[in-house]
Amino acid sequence: METGPAEEGEGQDAAWLDLHGERETLERGLALAQVRRRFASSAADAADAQREEAELLVSLDRVLTRIRAAEYGRRPGARRW
């Protein structure tokens, strides 16, 4: 079975939506880590939450970069590198 243009587009849409789902999950985790850091009962818990927040920010930055690249690729006439 050959893949036609419509099917390829559907795959790109699914990948794009997956990236946004991943972004949403990371943003939710980031919000929770920030709340845990602010309202931690001990300095150790606050430090753990701050470390988790930093890791989530790095992951979120990577996902947002991939989303920007995917959005560029979805534009009509976009270059394929």
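Being a predicted model, the structure only gives us computed values, none of them experimental.

Asker: Tell me about the environment of His 20, residues and numbers included.
Answerer: Within the element layout of this structure, His 20 appears in helix 1 (residues 5-38). Here the alpha-carbon distance between His 20 and Arg 66, two residues 46 residues apart in the chain, equals 9.9 Å. When residues no more than four places from it in sequence are discounted, the contact partners of His 20 are Ile 67 and Glu 71.

Asker: Describe the pattern of salt bridges, naming the residues involved and giving the relevant values.
Answerer: All told, the structure shown has five salt bridges when counted by the stated rule. Residues Arg 28 and Glu 24 are paired through a salt bridge, measuring 2.7 Å at the closest nitrogen-oxygen approach. Linking Arg 28 with Glu 24, this pair stays in helix 1, spanning four residues, or about one helical turn. Among the residues examined, Arg 28 registers a relative accessible area of 48% and is labelled partly exposed. For Asp 48, the salt bridge is made with Arg 51, and the minimal N-O distance between the two is 2.5 Å. Here Asp 48 and its partner Arg 51 are both found in helix 2 (residues 43-74), three residues apart, which amounts to about one turn of the helix.

Asker: Account for the nonpolar core, naming residues and giving values.
Answerer: Counting eight residues, the largest nonpolar core consists of Leu 19, Leu 26, Leu 30, Ala 33, Leu 56, Leu 60, Val 63 and Ile 67. Every element with two or more residues in this core is listed here: helix 1 and helix 2. The contact partners of Val 63, leaving out residues within four places of it in the chain, are Leu 19, Glu 22, Arg 23 and Leu 26.

What counts, and where the lines are drawn
- Residues numbered from 1 in each chain as written.
- Predicted model: local features only at pLDDT ≥ 70, side-chain atom pairs only at ≥ 80, totals over all residues.
- Heavy atoms only, no water.
- Helix = DSSP H or I, 4+ residues; strand = E, 2+ residues; numbered from the N terminus.
- Contact = heavy atoms within 4.5 Å.
- Salt bridge = Lys/Arg side-chain N within 4 Å of Asp/Glu carboxyl O.
- Buried < 20%, exposed > 50% of the residue type's maximum accessible area, 1.4 Å probe, protein only.
- Core = buried A, V, L, I, M, F, W, Y, C linked by side-chain atoms within 4.5 Å.

Interpretation note: all reported values are geometric properties and have no functional meaning in isolation.
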